[in-house]
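A closer look at the structure
So you can see what is in the structure, the chains are spelled out below.
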Amino acid sequence: MARFVVRRAREAEYTDPGALAPGAEGATRWRAVGEEDGAAHTDFGITRLDSGGRIPTHVHSFEESFHILEGEVILATPEATVHLVAGDYGVIPIGVPHAWRAVGGHRAAWSDLFTPPARARHGSDTYRVADLPDVPPIAVDPRDPRTRSFGNITADHMNPGRQSQELLAVSASMRTALLVYSGITLKMMVDSDLGATLGTMFMVQYEPDGKAGTHDHPLEEAYLITEGQVAATFDGEEFLLETGDIAWAGVGCEHSFAATGAPVRWLETQAPQMPPRHAYRFARDWQYLEERLEEEL
């Protein structure tokens, strides 16, 4: 079984989600990576919901994280009924009833991570339940505790120069923090602070000179290129990933990334969540040790 997957946007196949969305009307999903690809923790893809489409109230025996790519949807949960637009994201914990409805007159689309993967042999680990009460939706607001499982990300959130207290809508904290290094900017979205326990979702941006050397992890990663293109290697094979492409690296898959002379941005997921130590194994560091040992022995 391959330790990585590369799926091209032009080859995307959107199909009826079946048991994954019981009673759905107007819903399709591109399952880019899942259990059949050898993934133990990652079911990643893009769901589309036609204008006026709906997915009735249901629960999963897996954690669901999402990021709205286009359109508008109403998501109902016991916590809140929220009006989601492009840039909004959130997490639906295991066993929490929820329902989706497309609004605004246009098709909606969102990327989603299911962890552990939905299993077809167990009815996609999904169960139809009684509908939630119909209540007026509210917008995602990081200052509103009713939407504490949701957030929003924009291009400004990825700009290190726009993180001063005067420019932020909420008080500066680890929730608003950026990680900036080696021409790379990273902004956490779905994580333990938002309520996730099994997976994470974040946005990565590489400047024209941004690069990450060859490394691997004790976890699985999925990538959806949202803007630009990036040169990537997976277990020594080279790929040029472009907007809309999806890739996945399994445990132990050595991978690297380098911008191609222009900024590139992608949505990334990790499952399970990153351990507190030894989350990265960089090949260069261990090669250095090998060279030192050759000198010493």
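Each remark here, short or long, concerns the structure printed above.
The notes below deal with the structure included here.

Counting its secondary structure elements, the protein contains one helix and 23 strands. For a compact globule of 297 residues, the expected C-alpha radius of gyration is about 19 Å, and the protein comes in at 20 Å, within 12% of that figure. C-alpha extents for the protein along the principal axes are approximately 70 × 50 × 35 Å. Out of the 297 residues belonging to the protein, those deemed buried represent 46%. In the protein, the share of contacts with a sequence separation of at least 24, taken over all contacts with a separation of at least 6, comes to 72%. Surface exposure of the protein reaches about 14,200 Å², of which carbon and sulfur atoms provide 52%.

Taken together, the five strands give an open sheet; going across it, the order is β19-β18-β21-β16-β23, and neighbouring strands pair in antiparallel fashion. The open sheet has two edge strands with one neighbour each: β19 (237–242) and β23 (281–282). Summarising the sheet, strand β16 (residues 211–216) and strand β21 (residues 255–259) pair through three bridges and their orientation is antiparallel. Note that in β21 the partner of His215 across the bridge is His255.

This next bit is on a negative patch on the surface. A cluster of acidic residues, Glu290, Glu291, Glu294 and Glu295, forms a negative patch at the surface. Structurally, Glu290 is set in helix α1 (residues 283–296).

Relative to the helices and strands, Thr233 is located in strand β18 (residues 229–234). Distance in space between the C-alpha atoms of Thr233 and Ser65 is 26 Å, their sequence separation being 168 residues. Of note is the side chain of Thr233, whose polar atom sits 2.5 Å from the side chain of Ser256.

We now examine a nonpolar patch on the surface. Nonpolar side chains collect at one region of the surface, where Leu179, Tyr181, Met274 and Tyr280 lie side by side and expose about 360 Å² of accessible area between them. Here Tyr280 is to be found in the loop between β22 (264–271) and β23. What makes Tyr280 partly exposed here is its relative accessible area of 37%.

So, about the nonpolar core. Nonpolar side chains tend toward joint burial in soluble globular proteins. The biggest cluster of nonpolar side chains holds 24 residues, and the ones touching the most others in it are Phe44, Met189, Val190, Ile246 and Leu267. Every element with two or more residues in this core is listed here: β2 (25–33), β3 (43–60), β7 (88–92), β9 (108–115), β14 (184–190), β15 (200–206), β17 (220–227) and β20 (246–249). It is β2 that contributes the most residues to this core, three residues altogether. Listed in part, the 22 residues of the second largest apolar core include Ile184, Ala212, Leu241 and Ala247.

Take the environment of Ala27 next. Its place among the elements puts Ala27 in strand β2. In this structure Ala27 comes out as buried when scored by relative accessible area, which is 10%. Ignoring anything within four residues of it in the chain, the contact list for Ala27 reads Thr15, Asp16, Pro17, Arg48, Leu49 and Ile55.

Let us look at the packing of aromatic side chains. Counted under the stated rule, the structure contains 14 aromatic pairs. With a centroid separation of 5.8 Å and 65 degrees between ring planes, the pair formed by Phe4 and Phe239 is classed as edge-to-face. Highlighted residues: Phe4 in strand β1 (residues 4–7) and Phe239 in strand β19, separated in sequence by 235 residues. For Phe4, a relative accessible area of 15% puts it in the buried group. Note on Phe257 and Trp266: the rings are 5.0 Å apart at their centroids and 40 degrees apart in plane angle, and the pair reads as tilted. Chaining the aromatic ring pairs together yields one cluster made of Phe4, Tyr206, Tyr223, Phe234, Phe239, Phe257 and Trp266. The ring of Tyr14 has Arg48 lying over it, and the distance from NZ or CZ to the ring centre is 3.8 Å.

Cut-offs applied
Residues numbered from 1 in each chain as written. Predicted model: local features only at pLDDT ≥ 70, side-chain atom pairs only at ≥ 80, totals over all residues. Heavy atoms only, no water. Helix = DSSP H or I, 4+ residues; strand = E, 2+ residues; numbered from the N terminus. Rg over C-alpha atoms; globule rule 2.2 N^0.38 Å. Buried < 20%, exposed > 50% of the residue type's maximum accessible area, 1.4 Å probe, protein only. Contact = heavy atoms within 4.5 Å. Areas by Shrake-Rupley, 256 points an atom, 1.4 Å probe, with all protein chains shown as cover. Pairing = 2+ DSSP bridges. Patch = residues over 30% accessible without salt bridge, like charges linked within 9 Å, V, L, I, M, F, W, Y side chains within 5 Å. Salt bridge = Lys/Arg side-chain N within 4 Å of Asp/Glu carboxyl O. Lys, Arg positive; Asp, Glu negative; His and termini not counted. Charge placed at Lys NZ, Arg CZ, Asp CG, Glu CD. Polar contact = N/O pair within 3.5 Å; in protein donor to acceptor, adjacent residues only side chain to side chain. Core = buried A, V, L, I, M, F, W, Y, C linked by side-chain atoms within 4.5 Å. Phe/Tyr/Trp six-rings, centres within 6.5 Å; stacked < 30°, edge-to-face > 60°. Lys NZ or Arg CZ within 6 Å of the ring centre and 35° of its normal.

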